[in-house]
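# Structure assessment
Residues per chain, in single letters:
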Amino acid sequence: MSNERKLPAYPLFVKDPNFSIWSVTEELNKSNPQTWWGEEKRIYGFLKTHGKTYCFFGNGADFFACGVLNAEQTGLEITAFTTDYMFRAGETALRIKFVSPLPPDDLTLTAMPVCYMEYEIEGDKDAELSLFVSRDVASNACNQERGVRGGVIKCEGFESAFFGLRKQQPLSNNGDLIGADWGYWYLSGEESFVLDETDLSAYLAGGSKQFTNTKEERYLGTFNHAQKGVVLLGYDDIVSIGYFGDYRKGDYLQDHTILEALQTVWREYKKIDERLTAFDEDLTERAKSFGKDYYAILCAALRQTMSAHKLVKDGEGNLLFLSKECGSNGCIATVDVSYPSVPLFLLYNTKLIKGMMRPIVKFARMPVWKYDFAPHDAGTYPHCCGHVYGFNHAENKFLGNLIQKDDKETWFPFYLLPADYDIYDLKDQMPVEECANLLIMQYACFSRDGDISFFAENFDLAEKWVEYLIKYGLKPEEQLCTDDFAGHLKNNLNLAIKATVGIACYAELAGAAGKVNLAEQYRKKAEAFAEEITAFAKNFPHIPISWDSDESTFSLKYNFAFDKLLGLNLFPQEVFEKEIDCYLNKINKFGTPLDNRETYTKSDWLCWVASLTDDREKREKLLASIAKFLKESPDRVPFSDWYQTDTGSYIHFRARSVQGGCFILLLKSDEYVER
């Protein structure tokens, strides 16, 4: 097969932050798969053909002692929703396709907690394909000593083996690099079993399927004899989200069972394939206008972005689309993670953007959040327990020991605290950042779907947030923003641009809500901010990083993007082009640095600044640097958005939903058709 790498990590079975299995080697049978955070999960696939057993999935070396051979991988392809492999096992050919149905415009399919592996065998009508899933998947490494229990269910046309931890503790942890220690996993095929390590080894060495189930080391196993078929992997997490004291199931399982989900996919997977293929073909066609690299970037971003969320509904039936801040701190519904992901959802489904914002506006109305700016988050996944960013660590009898010590703990329900409980440290908040993010998100939604109701219902909050931007947005005091990896920055011009765009978005929303005087008032304020920024920019070949810096500094001014995309016309195109020329002058092997202080960048923001230019050649040069990172980064982790532009080494962030921002170029393409 070709040695050309396509991605740093390949999605196999991905649905949500706790159902996320990836391969981190080019050859599927040279390593065991991992979770998005890097914990190994033993899953093995074998093909028995012409008297020999070949491994095609998982580290085949684990079973060489049983006489197992490695199948030869002859091909690897990536589409929006599938990862496809081709193998040769002696005289037999095998093609498999891992499918994660996550179309953003089909929420039933997205919420259905089942992925599948299709296969096709050529050259041996008597071949047997098997897949084995270790109990590793049922828990984090720290809790695997608990053991699992399970069995087999006979369904219509197939069997499903299942297991889960013997002691179920739903929502028993919240943190970043950790998964669920609860729920039940289901592996489905023609014949299914629960077996142990000894049984598996004996089967691979040529024994029959007479399993004793005597040891604690258990596997789910499934066996298929048809030349073409499918193997399903499903996960019923029982409880998905703690939502301000209300435990919520995943949206699909709210009204269906996991067995109904498995039955539906078994029966209809070919129709699902057709649906996903149509989406992929449309995406392929749209991406062509942006050069040869763009489609690959979008394929790397799509499943990752979708699977970093959980789709649920609140007690009133309102949609919630809750992100996990993967690889950065584990927060749930983080505003400055939602904001960069918005382009994907503007393209396909604005309901999901409103589902991101609902927990934030709900918490912003609670007594403990007594501030006139927007919260950063709603808790730590999977608990919407209230804002957890920037605590007051003062030692006194009131604060006690409320701060979480490690990921195996769960947070206190902070949303219950009264207004006089000073649990937050204001110096660690992100006020200008989050106020502007939420106003821009609301107007971006309205610009696509024409629905003003979300803004109208939350007008009082928007009114507070826009006033905060008026007071503090043009020349922000030293405060956190989403890009302060190199330290806090006073008078941040990129942040001032965001505040300006946020004020203009509020003006447009107010006008749409019939508040004409307010619309005129805030439009004038946004224009005044923009004029001052533009006048300052004329003094330099490009805009410095801050109001008190000179042309020796720079930063990616990605916050211009929504001015251009939404047609706000606050800033002239010549300012954008001067910025792009600066970025291209400073570009390294894997992109332009985020600012002059360090060599690292953010891939989502590189796509955003690429949307500023009308010059195709300039745009494609920026995109090419991201594509090079995907192929050459030394770290085999899901698409990182924060990495070094010179070495390609990633920094902390992995598998984050912000990569939905890579879709931003499609929002302005001539080929875009209103959906």
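Predicted, not measured: the structure shown is a model, and the values here were computed from it.

## Some points on the overall build of the chain
Along its length, the chain carries 16 helices and 24 strands. Computed over C-alpha atoms, the radius of gyration of the chain comes to 26 Å, within 12% of the 26 Å expected from 2.2 N^0.38 for 675 residues, which places it in the range of a compact globule. Projecting the C-alpha coordinates of the chain onto the three principal axes gives extents of approximately 80 × 60 × 45 Å. A buried classification covers 65% of the 675 residues belonging to the chain. Within the chain, contacts between residues at least 6 apart in sequence are counted, and of these 70% link residues at least 24 apart.

## Section: the confidence of the model for the chain
For the chain, the average pLDDT comes to 94, and 97% of its residues sit at 70 or higher. Ignoring residues within four places in sequence, the model shows residues 670-675, a span with pLDDT below 50, making 12 contacts including any to other chains.

## Quick word on the state of the cysteines
Applying the stated criterion across every chain yields a total of zero disulfides. Cysteine Cys66 remains unbridged, with the sulfur of Cys55 as its closest cysteine sulfur at 11 Å. We note that Cys384 lacks a disulfide partner, and the nearest cysteine sulfur, in Cys385, lies 7.7 Å from it.

## Points about the sheet that holds strand β6 (residues 69-70)
Read from one edge of the open sheet, six strands run β6-β5-β4-β11-β16-β15, paired in mixed fashion. The open sheet has two edge strands, β6 and β15 (191-196), and neither has a second partner. The pairing of strand β4 (residues 43-49) with strand β5 (residues 52-57) spans five bridges and is classified as antiparallel. Paired with Phe46 across the two strands is Cys55, which belongs to β5. Set on the sheet, helix α2 (residues 197-204) makes contact with β4, β5, β11 (128-134), β15 and β16 (218-224); between it and β15 the angle comes to about 120°.

## Quick look at the side chain of Lys15
Topologically, Lys15 is positioned in strand β1 (residues 10-16). An unpaired buried charge is present at Lys15: no salt bridge exists, and Asp16, the closest side chain of opposite charge, is 8.4 Å distant. Here Leu109 takes part through its backbone oxygen, which lies 2.8 Å from a polar atom of the side chain of Lys15. At 3.1 Å, the side chain of Lys15 forms a polar contact with the backbone oxygen of Thr110.

## Remarks on helix α7 (residues 350-364)
With 15 residues, α7 should cover 21 Å at 1.5 Å per step; its first-to-last C-alpha distance of 21 Å lies within 8% of that length. With respect to burial, α7 is a largely interior element, 12 of its 15 residues being buried. Of all the positions in α7, only Thr350, Leu352, Ile353, Lys354, Gly355, Met356, Met357, Pro359, Ile360, Val361, Phe363 and Ala364 are classed as buried. One side-chain oxygen at the N-terminal end of α7 lies 3.1 Å from the backbone nitrogen of Lys351; it belongs to Asn349.

Parameters and conventions
- Residue positions are given per chain, counting from 1 as you read along its sequence in written order.
- Two thresholds apply to this predicted model, a pLDDT of at least 70 for residue-level local features and 80 or more for giving and counting side-chain atom pairs, whereas whole-chain, interface and lining totals are computed over all residues.
- The basis for every side-chain value is the complete set of non-hydrogen atoms in the structure, without hydrogens or water.
- Helix and strand labels come from DSSP, where a helix needs a run of H or I of at least four residues and a strand needs a run of E of at least two; each type is numbered from the N terminus.
- Each radius of gyration reported is based on C-alpha atoms, and the globular scaling rule is 2.2 Å times the count of residues to the power 0.38.
- To sort residues, take the accessible area from a 1.4 Å probe on protein chains only and compare it with the maximum for the residue type: under 20% means buried, over 50% means exposed, and anything in between is partly exposed.
- Contacts between residues were defined by any pair of non-hydrogen atoms, one from each residue, lying within 4.5 Å.
- pLDDT expresses how confident the predictor is about each individual residue, on a scale running from 0 to 100.
- The criterion for a disulfide is a pair of cysteine sulfur atoms lying within 2.5 Å.
- Two strands form a pair only when DSSP identifies at least two bridges running between them.
- Note on geometry: axes are C-alpha line fits, over the in-contact stretch for helices, and angles between N-to-C directions span 0 to 180 degrees.
- By the counting scheme adopted, Arg and Lys are positive, Glu and Asp are negative, and His together with the chain ends is not counted.
- A side-chain nitrogen of Lys or Arg and a carboxyl oxygen of Asp or Glu constitute a salt bridge if their distance falls within 4 Å.
- We define a polar contact as two N or O atoms separated by no more than 3.5 Å, with the added condition that, inside protein, one atom must be a possible hydrogen donor and the other a possible acceptor, whereas residues neighbouring each other in sequence contribute only through side-chain atom pairs.
- Multiplying 1.5 Å by the helix residue count minus one yields the expected span of that helix.

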